[in-house]
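Below, each chain spelled out in residue letters.
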Amino acid sequence: MSKPFKAESRRLLDLMIHSIYTHKEIFLRELISNASDALDKLYFMSLNDEVKEVDRTGLSIRILVDKEARTLSIVDNGVGMTSEEMEDNLGTIAKSGSFDFKQMMDQAQKKDEVDIIGQFGVGFYSAFMVAKKVEVVSRKANTDVAFKFVSEGEEGYDIEEAQRDTVGTSVILTLNDDTEDEDYSQYLDDFKIQELVKKYSDYIRYPILMDVEEEEKKEDSEEVGTKLVEKTLNSRIPLWKRSKSDITKEDYNEFYKDKFEDYQDPQRVIHTNLEGSLSFDAMMFIPSHVPFNFYSADYEKGLQLYSRGVFILDKAKELIPDAFRFVKGLVDSPDLSLNISREMLQHDRQLKAIASRLEKKIKSELLGMLKTEREEYEKFWKNFGLQIKYGMYQNYGANRELLEDLLLFVSSHDNKLVSLEEYVARMKEDQKEIYFVSGETVEKCAAVPQSEWVREKGFEILYLTEDVDEFVLQILHTYKEKTFKSINQGELDIASTEEKEEIQKKSEESKDVLTKIKEVLGASVQDVRLSTRLKTHPVCLVSADGLSFEMEKVLSQMPDANPNLKAGRILEINAGHPLFEAIKEIHRHDPEKIDNYAKVLYNQALLIEGLPIDNPLEFSIQVSNLMIDASRFH
Ligand code: ADP
Ligand code: MG
């Protein structure tokens, strides 16, 4: 009679087999991890003189395949189990001998010597996801009897005496028969096994050995035969566990290209670790080019997650904020409270704590680059600056502080990229606001009539050329307590007191003509006034506070744009321009012509601003009339 599994074990076993793990293939990882733990334990015992000295180089994990019998065996020469231990550890689900061992070891303060993986007491049962029968033959160190545990799943298990020549454990799986949906035979295939070991167990510190067929050319003949050779399937030491001083740039580059499937070296490597109440190793990379699918929906951000060198998850997206979604890499941490199975990662405190450390680390790396390797940073910015800007207005600006110092904009200061910090450092003593203007290109921004006088007065202007830019500034609202100010919106306070008084005086003198123009333009404009910002250009349009022209343009391109969503238009006229004198003349001597002048003036201002004019045909006729008029003087 078989013994039934203990306690709630049967239900748990069922749960295990059917729902805890998302991929059946992880059974191999779990069994290899157990073998690795068993080897660690034996080594630990030898350190404590509980067994005779163990040569650590002789410790290994061996994978054996018998295609005919459909068996896959994982064999170790580790600590082994007594029959009681088999009963306790394999007969009770959620009972982990390894966890107990680890606690004992923590007390002995020897945890640096070994790196026990197990702790949940469920991994072993993942074998039942692929096997109809599981046999464990084991002989405990310091004993000469061996035992065999046999189970065919939910029904229970038997333990009987068995034969094993050396100390250690063999786990022998008889694989399920293939079904329509499930190919179990693949786990007997050399290549598949090698692939799984590489994927999940590459950094197990003991060699994982398997005999693989290799082609062999027979002597004196053309025939190619095969022979079996023993191969170590894992690379054993994770790069991120090696001391930084031992890792060359090439090591990093090769590792990155191999692991993250890039053909180019990364621009930046960020290798960091933390030890203490929270400990982890992280290796992160900033690609040197934009991944081809970066701005598409199928690009997934995230870092690979390892726990004690064992692969858990490919894209742990919680580890990287959206603004930095271009970062690739991995994190290895023993601290994650992985719920029951390693797979079911809780949204837990440790994970959040790691994420916040990484976020700070990436930021400080980028800031350092900005401060000391300007060219490199600008290269980075060219690739991923847009993502940083998007990150800015995601989550309603929750990332303001994280990102504000990383932003670059082109400015009137040599038309080069500047950071806000640099802008503020250069601000004039009496300057209260950070000036900006939007346009399609830097050239267009520089040519905006409103910008001329501002520049001449020695104020720097940010040239915003991307759709998101104004939104970014709006989210930012202020930088170092300075507000942002569009040079073509609302009032602009750059004129001196005398200049203002002068314009004030002229406004009063020209009240009639300004009122008349406003009357002609009617509802198209909110106001017509003399400008305090124009230098050589006769006219410009500025928007009222609120919606800006740039936002109007961006919003009008949205799928169901509201056509009434318009920036308020204010027509500003340069009182110092001869055209204004001409208009006043006309107003005095030929008042009925003022209609034509006002409309042309307004349409010009619209065109300069890159806004559509209401009636191009009418505009053309008006300009033609003016030309005919002008010709009469000759
Ligand atoms: P965990 O590894 O989380 O402890 P498992 O279900 O994978 O849980 O294994 C349960 C226990 O069985 C282990 O803690 C260990 O005590 C024992 N065990 C499993 N495999 C082996 C092995 N190859 N050699 C020795 N002991 C083993
Ligand atoms: Mg385990």
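The text that follows walks through the structure, step by step, so that each part is easy to find. (Residues numbered from 1 in each chain as written. Chains lettered and ligands numbered in written order. Predicted model: local features only at pLDDT ≥ 70, side-chain atom pairs only at ≥ 80, totals over all residues. Heavy atoms only, no water.)

Turning next to the overall build of the protein chain. A tally of helices and strands in the protein chain yields 19 helices and 22 strands. Projected onto its principal axes, the C-alpha coordinates of the protein chain cover approximately 120 × 65 × 50 Å. Classification of the 634 residues of the protein chain by burial places 51% in the buried group. Nonlocal contacts in the protein chain, meaning residues at least 24 apart in sequence, comprise 69% of its contacts between residues at least 6 apart. When the accessible surface of the protein chain is split by element, carbon and sulfur atoms take 47% of a total near 31900 Å². Across the protein chain, the mean location of the 84 positive side-chain charges is 4 Å away from that of the 120 negative side-chain charges. (Helix = DSSP H or I, 4+ residues; strand = E, 2+ residues; numbered from the N terminus. Buried < 20%, exposed > 50% of the residue type's maximum accessible area, 1.4 Å probe, protein only. Contact = heavy atoms within 4.5 Å. Areas by Shrake-Rupley, 256 points an atom, 1.4 Å probe, with all protein chains shown as cover. Lys, Arg positive; Asp, Glu negative; His and termini not counted. Charge placed at Lys NZ, Arg CZ, Asp CG, Glu CD.)

Moving on: the packing of helix 15 (residues 511-521) against helix 17 (residues 578-589). Two measures define how a pair of helices packs: the angle their axes make with one another and the distance between the axes. Taken N-terminus to C-terminus, the directions of helix 15 and helix 17 make an angle of 85 degrees; their axes are 10 Å apart at the nearest point. Between helix 15 and helix 17, the angle is such that the two are roughly perpendicular. Between helix 15 and helix 17, the residues in contact are D512, V513, L514, K516 and I517 and F580, I583, K584 and H587, respectively. Looking at the contact of helix 15 with helix 17 residue by residue, the class counts come to five nonpolar, one polar and three charged. (Axes fitted to C-alpha atoms, helices over the stretch in contact; angles between N-to-C directions. Parallel < 35°, antiparallel > 145°, perpendicular 65-115°, else oblique. Nonpolar A, V, L, I, M, F, W, Y, C, P; charged D, E, K, R; others polar.)

Let's shift gears to the state of the cysteines. Taken as a whole, this structure holds zero disulfides when the rule is applied. The structure places no disulfide on C540, whose sulfur is separated from the nearest cysteine sulfur, that of C445, by 15 Å. (Disulfide = S-S within 2.5 Å.)

This part takes up the sheet that holds strand 16 (residues 433-438). The strands that make up a sheet pair up through hydrogen bonds in the backbone, lying either parallel or antiparallel. The strand order across the open sheet formed by six strands is 15-14-17-16-19-18, and the pairing between neighbours is mixed. Two strands lie at the open edges of the sheet, namely strand 15 (417-419) and strand 18 (478-479), each paired on one side alone. (Pairing = 2+ DSSP bridges.)

A word on the site of ligand 1. Around ligand 1, 19 residues are found, and the nearest of them are N34, S96, S98, Q119 and G121. The contact in question runs from an oxygen atom of ligand 1 to an N or O atom on the backbone of G123, over 3.3 Å. Alone, ligand 1 offers 530 Å² of accessible surface; in the complex the protein occludes 97% of this. At the level of elements, helix 2 (26-47), helix 3 (83-90) and helix 4 (97-108) are the ones that each hand at least two residues to the shell around ligand 1. For the shell around ligand 1, the element with the most residues is helix 2, which contributes three residues. Residue classes in the shell around ligand 1 are distributed as six nonpolar, 10 polar and three charged. (Near = heavy atom within 4 Å. Polar contact = N/O pair within 3.5 Å; in protein donor to acceptor, adjacent residues only side chain to side chain.)

Turning to the environment of K553, a few remarks are in order. With respect to the secondary-structure elements, K553 resides in helix 16 (residues 549-556). We classify K553 as partly exposed; its relative accessible area is 22%. Linking K553 and N603, residues 50 residues apart in sequence, is a C-alpha distance of 17 Å. With residues near it in sequence (within four places) discarded, K553 still touches E609, G610 and L611.

To continue, consider the pattern of salt bridges. Evaluation of the coordinates by the stated rule reveals 41 salt bridges. Between E135 and K148 there is a salt bridge, with the nearest N and O atoms lying 3.3 Å from each other. With E135 in strand 3 (residues 131-139) and K148 in strand 4 (residues 146-151), this pair connects stretches of sequence that are 13 residues apart. A salt bridge links E502 to K506; its shortest N-O distance comes to 3.9 Å. A residue pair is termed a helical-turn pair when its members lie 3 or 4 positions apart in one helix, as E502 and K506 do in helix 14 (residues 497-509) at four residues. Through salt bridges with shared partners, one network takes in E25, K192, E195 and K199. (Salt bridge = Lys/Arg side-chain N within 4 Å of Asp/Glu carboxyl O.)

Turning our attention to a negative patch on the surface. A cluster of acidic side chains, namely D49, E50, E53 and D55, defines a negative patch on the protein surface. Locating D55 in the fold gives a position in the loop between helix 2 and strand 1 (61-66). (Patch = residues over 30% accessible without salt bridge, like charges linked within 9 Å, V, L, I, M, F, W, Y side chains within 5 Å.)

For the rest of this paragraph, the subject is the packing of aromatic side chains. Tallied over the entire structure, the rule returns 27 aromatic pairs. Here the aromatic rings of F255 and F285 are separated by 6.4 Å at their centres, their planes lie at 35 degrees, and the arrangement is tilted. Taken together, the positions of F255 in helix 6 (residues 249-259) and F285 in strand 10 (residues 280-286) put the pair 30 residues apart, joining distant regions of the chain. A relative accessible area of 0% means that F285 is categorised as buried. Sitting over the face of the ring of F294, R325 holds its NZ or CZ atom 4.7 Å from the ring centroid. Across the ring face of F459, the terminal group of K428 is positioned such that the distance to the ring centre comes to 4.7 Å. (Phe/Tyr/Trp six-rings, centres within 6.5 Å; stacked < 30°, edge-to-face > 60°. Lys NZ or Arg CZ within 6 Å of the ring centre and 35° of its normal.)

This paragraph deals with unusual backbone geometry. The backbone phi angle of D49 is positive, close to 60 degrees, even though this residue is not glycine. Residue position: D49 is located in the loop between helix 2 and strand 1. Residue D49 is classed as exposed on the basis of its relative accessible area of 67%. A positive phi is found at K480, a non-glycine position, where the angle reads about 45 degrees.

The next point concerns the nonpolar core. One finds L28, I63, F124, V130, V134, V136 and L173 to be the most contacted residues of the largest nonpolar core, which totals 72 residues. Residue contributions to this core peak at 11 residues, all from helix 2. With residues near it in sequence (within four places) discarded, V130 still touches K24, F27, L173, L175, N176, Y184 and Y187. If you look at the next biggest cluster of nonpolar residues, it comprises 71 residues, including I286, M392, L403 and L406. (Core = buried A, V, L, I, M, F, W, Y, C linked by side-chain atoms within 4.5 Å.)

Attention shifts here to the pairing of strand 14 (residues 408-411). Burial of strand 14 is two-sided: the residues L408 and V410 facing one way and the residues F409 and S411 facing the other way are all buried. Pairing geometry for strand 14 and strand 15, over three bridges, is antiparallel. For V410, the partnering residue across the bridge sits in strand 15 and is L417. Where strand 14 folds back on strand 15, the antiparallel hairpin that results is connected by five residues, among which D414 adopts a positive phi of roughly 60 degrees. Of the pairings in the sheet, the one linking strand 14 to strand 17 (residues 461-464) comprises two bridges and is antiparallel in character. For V410, the partnering residue across the bridge sits in strand 17 and is Y463.

It is worth spelling out the environment of M86 at this point. Mapped onto the fold, M86 is located in helix 3. In this structure the C-alpha to C-alpha distance between M86 and I159, which are 73 residues apart in sequence, comes to 8.0 Å.

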